[in-house]
Amino acid sequence: MDVSINGPKVLFTLPFFGGIDVSQSVVSSWVVLALVTVFCLWLTHDMSVTNPSKRQIAAEKLVLMVKELVENNMGQNWQHFAPLVATILAYSFCSSALSITGLRSPTADFSVTLAMALITFSLIQLYHLKSKGVFGFFKRFVEPVPVMLPMNIIGEVSLPASMSLRHFGNITSGTVITALVYGALAAFSRLVLGWIPNTFIANIPIFQVGIPAVLSVYFDMFSSAIQAYIFCMLTMANVASAAE
Amino acid sequence: MERAIVLAASAIGIGIAMIAGIGPGIGEGYAVGQACAAIGRQPEAQSKVTSTMILGCAIAESTGIYSLVVSLILLFANPLVNLL
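What this report covers is the structure whose coordinates are included nearby. Since this is a predicted model, take the numbers as computed values, not measurements. (Residues numbered from 1 in each chain as written. Chains lettered and ligands numbered in written order. Predicted model: local features only at pLDDT ≥ 70, side-chain atom pairs only at ≥ 80, totals over all residues. Heavy atoms only, no water.)

### With respect to the overall build of chain A
1) Next: When helices and strands are counted, chain A shows seven helices and two strands.
2) Next: In chain A, the succession of helices and strands from N to C terminus is β-β-α-α-α-α-α-α-α.
3) Next: Once the C-alpha set of chain A is aligned to its principal axes, its extents read approximately 80 × 60 × 40 Å.
4) Next: Within the span of chain A, comprising 244 residues, buried residues form 35% of the whole.
5) Next: Taking as baseline every contact in chain A between residues at least 6 positions apart, the subset at least 24 positions apart corresponds to 60%.
6) Next: Summed over its atoms, the accessible surface of chain A is roughly 14200 Å², and 73% of this surface lies on carbon and sulfur atoms.
7) Next: Here chain A contributes 12 positive and 11 negative side-chain charges, whose respective centroids are spaced 0 Å apart. (Helix = DSSP H or I, 4+ residues; strand = E, 2+ residues; numbered from the N terminus. Buried < 20%, exposed > 50% of the residue type's maximum accessible area, 1.4 Å probe, protein only. Contact = heavy atoms within 4.5 Å. Areas by Shrake-Rupley, 256 points an atom, 1.4 Å probe, with all protein chains shown as cover. Lys, Arg positive; Asp, Glu negative; His and termini not counted. Charge placed at Lys NZ, Arg CZ, Asp CG, Glu CD.)

### Quick notes on the nonpolar core
1) Next: By size, the foremost hydrophobic cluster in this structure holds 31 residues, and its most contacted members are A:Val70, A:Met74, A:Phe81, A:Val85 and A:Val239.
2) Next: Counting only elements with at least two residues in this core, the list comes to α2 (54-74), α3 (82-97), α4 (110-139) and α7 (211-242) of chain A together with α3 (46-60) of chain B.
3) Next: The greatest single-element share of this core, amounting to ten residues, is contributed by α7(A).
4) Next: Discounting chain neighbours no more than four positions away, the residues touching A:Val85 are A:Val66, A:Leu69, A:Val70, A:Cys232 and A:Met236. (Core = buried A, V, L, I, M, F, W, Y, C linked by side-chain atoms within 4.5 Å.)

### A closer look at the pattern of salt bridges
Residues and elements named next belong to chain A.
1) Next: A complete count under the given rule lists one salt bridge over all chains for this structure.
2) Next: One salt bridge connects Glu 156 with Arg 140, and the closest N-O pair in it is separated by 2.9 Å. With Glu 156 in helix α5 (residues 149-193) and Arg 140 in the loop between α4 and α5, this pair connects stretches of sequence that are 16 residues apart. Neither residue differs from the other here; Glu 156 and Arg 140 are each classed as buried. (Salt bridge = Lys/Arg side-chain N within 4 Å of Asp/Glu carboxyl O.)

### Overview of the pairing of strand β1 (residues 10-14) of chain A
Residues and elements named next belong to chain A.
1) Next: Of the pairings in the sheet, the one linking β1 to strand β2 (residues 20-23) comprises four bridges and is antiparallel in character. Bridge pairing in β2 places Thr 13 opposite Asp 21.
2) Next: Connecting the antiparallel pair β1 and β2 is a turn made up of five residues, with Phe 17 showing a positive phi of about 50 degrees. (Pairing = 2+ DSSP bridges.)

### Digging into helix α1 (residues 24-44) of chain A
Since one α-helical turn is 3.6 residues long, residues separated by three or four positions face the same way.
All names here are of chain A.
1) Next: The first and last C-alpha atoms of α1 sit 30 Å apart over 21 residues, in line with the 30 Å expected at 1.5 Å per residue.
2) Next: Each element contacted by the buried residues of α1 is listed here: β2, α2, α3 and α4.
3) Next: A positive phi of about 30 degrees marks Asp 46, the residue just after α1. (Expected span 1.5 Å × (residues − 1).)

### So, the packing of aromatic side chains
Residues and elements named next belong to chain A.
1) Next: The final tally for this structure, using the stated rule, is nine aromatic pairs over all chains.
2) Next: Ring centres of Phe 137 and Phe 141 lie 6.2 Å apart, and the angle between their planes is 85 degrees; on these two criteria the pair is classed as edge-to-face.
3) Next: Given the relative accessible area of 12%, Phe 137 is considered buried.
4) Next: Members of the aromatic cluster, each reached through a chain of ring pairs, are Trp 78, Phe 81 and Tyr 127.
5) Next: Here the guanidinium or amino end of Arg 55 rests over the ring plane of Trp 42, the centre of that ring lying 5.8 Å away.
6) Next: Positioned above the aromatic ring of Phe 141, the side-chain terminus of Arg 140 is 4.7 Å from the ring centre. (Phe/Tyr/Trp six-rings, centres within 6.5 Å; stacked < 30°, edge-to-face > 60°. Lys NZ or Arg CZ within 6 Å of the ring centre and 35° of its normal.)

### Regarding the environment of B:Ile59
All names here are of chain B.
1) Next: Tracing the sequence through the fold places Ile 59 in helix α3.
2) Next: On the accessibility criterion, Ile 59 (32% relative accessible area) is partly exposed.
3) Next: Residues Ile 59 and Met 18, 41 residues apart in the sequence, show an inter-C-alpha distance of 18 Å.

See below:
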């Protein structure tokens, strides 16, 4: 069996600050950023008011969808939040779905999802500070009684932990299960074709054609779409409740 | 010898950790059942019920994901072996 499941490999090291490791996740993140940027530029170039093209209608539909999502979950006066939500949706979905192409998805690396969750966490704290003031910000931790201080701190910290672990676990389980199924299918094809004396033909993994596509539809498309949606929903719900 | 004991205990621990998958299974099954009942009563609310159900299922799944993360750590980055 030649199944290898490992973390992101370090591809090269930048020679600043005593060496910064650039791992597979970072490189795939660059690919995702380039894809999203090129897609957005392609969608939005030469727009016109009087004679909209099909591409422009699709772009408007996407923007309206995100605006509606924000409006339904946060309220009327949160329109300025739509770009952040759209960014999280696009980045999260594209990086999880990148495993279709055979590259390693950045979100299968805990540091990426933790970074995303920390952005949300700092936003939540910022809105707490904005809406309650400095005194109210710290008073929140000793409510309803001061004995609850450790519980409140744990409750506050568990939010980014649970958000990042949920996203990471879902994508990583997909990666691991896909690798295991590929290994099993290779072993099975060797079992079936093993009687052929020609080693080249005997080693062709015929069962790896087509069958993993079913898994890919679930793990790459469905799971990543759901996780991106949930990440956005949790971000919106928590920020909106922090600002109250 | 100690290494073998630690590895065996880790392997058993991985299996035990994944028992936590029972919880989300029951919870999600209940949620989906209730959603089906709700759609049966009010078929016009199907899209809203479905999206709420999927969101709830994915959040209920997080305890299962935690156990998965624990078992993945024990499988691929076992910290206990380094303690020897």
